[in-house]
Amino acid sequence: SFEVQLASSGRVIAIAPDKTVTQALAEAGVEILVSCEQGVCGTCLTRVLQGEVDHRDAYLTPEEQAANDQFTPCCSRAKSPRLVLDL
Ligand code: FES
């Protein structure tokens, strides 16, 4: 598991292994717009300010994934213990 931090408030939310980032955030009252929830459409695209993303989408190009500055929280996860999101 890992955690995400919301840059605007500093709030930290734990992401359980059986939850997506969007699910865990929604349960914490932070809604991210989703559509496909499979990493295809890009609707949920969110900027990443710190941490290493484990990209699991088919939306971003390999170059965009390597830039590590945005991710699809409907399906992608983290390789680092924490991601700081531009939320
Ligand atoms: Fe479609 Fe996340 S909701 S990529």
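To be clear, the structure that these remarks concern was listed above.
These notes cover the structure that comes with them. (Residues numbered from 1 in each chain as written. Predicted model: local features only at pLDDT ≥ 70, side-chain atom pairs only at ≥ 80, totals over all residues. Heavy atoms only, no water.)

## Notes on the pattern of salt bridges
The full count for this structure, using the stated rule, is four salt bridges. Between R82 and E3 there is a salt bridge, with the nearest N and O atoms lying 2.7 Å from each other. On the criterion of sequence distance, the pair formed by R82 in strand 7 (residues 82-85) and E3 in strand 1 (residues 2-6) is long-range, its members being 79 residues apart. Judged by its relative accessible area of 33%, R82 falls in the partly exposed class. On the basis of relative accessible area, E3 is assigned to the partly exposed category, the value being 27%. E27 is paired through a salt bridge with K19; the nearest N and O atoms lie 3.1 Å apart. (Salt bridge = Lys/Arg side-chain N within 4 Å of Asp/Glu carboxyl O. Helix = DSSP H or I, 4+ residues; strand = E, 2+ residues; numbered from the N terminus. Buried < 20%, exposed > 50% of the residue type's maximum accessible area, 1.4 Å probe, protein only.)

## Re the nonpolar core
Residues V4, I13, I15, V21, L25, F71 and L83 are the most contacted members of the largest nonpolar core, which totals 19 residues. If you list the elements that add at least two residues to this core, you get strand 1, strand 2 (12-15), helix 1 (21-27) and strand 7. Ignoring sequence-local partners within four residues, the contact set of V4 consists of R11, V12, I13, I15, V21, L25, L83 and L85. (Core = buried A, V, L, I, M, F, W, Y, C linked by side-chain atoms within 4.5 Å. Contact = heavy atoms within 4.5 Å.)

## Details of the environment of G42
By the secondary structure assignment, G42 is in the loop between helix 1 and strand 3 (46-50). For G42, a relative accessible area of 14% translates into the label buried. Separated by 26 residues in sequence, G42 and N68 have C-alpha atoms that sit 15 Å apart.

## Notes on the sheet that holds strand 1
Spatial strand order, 2-1-7-3-5: five strands in an open sheet with mixed pairing. The open sheet has two free edges, formed respectively by strand 2 and strand 5 (70-71), since each of these has just one partner strand. Bridge count between strand 1 and strand 7: four bridges; the pairing is parallel. Considered in strand 7, the bridge of V4 is made with L83. (Pairing = 2+ DSSP bridges.)

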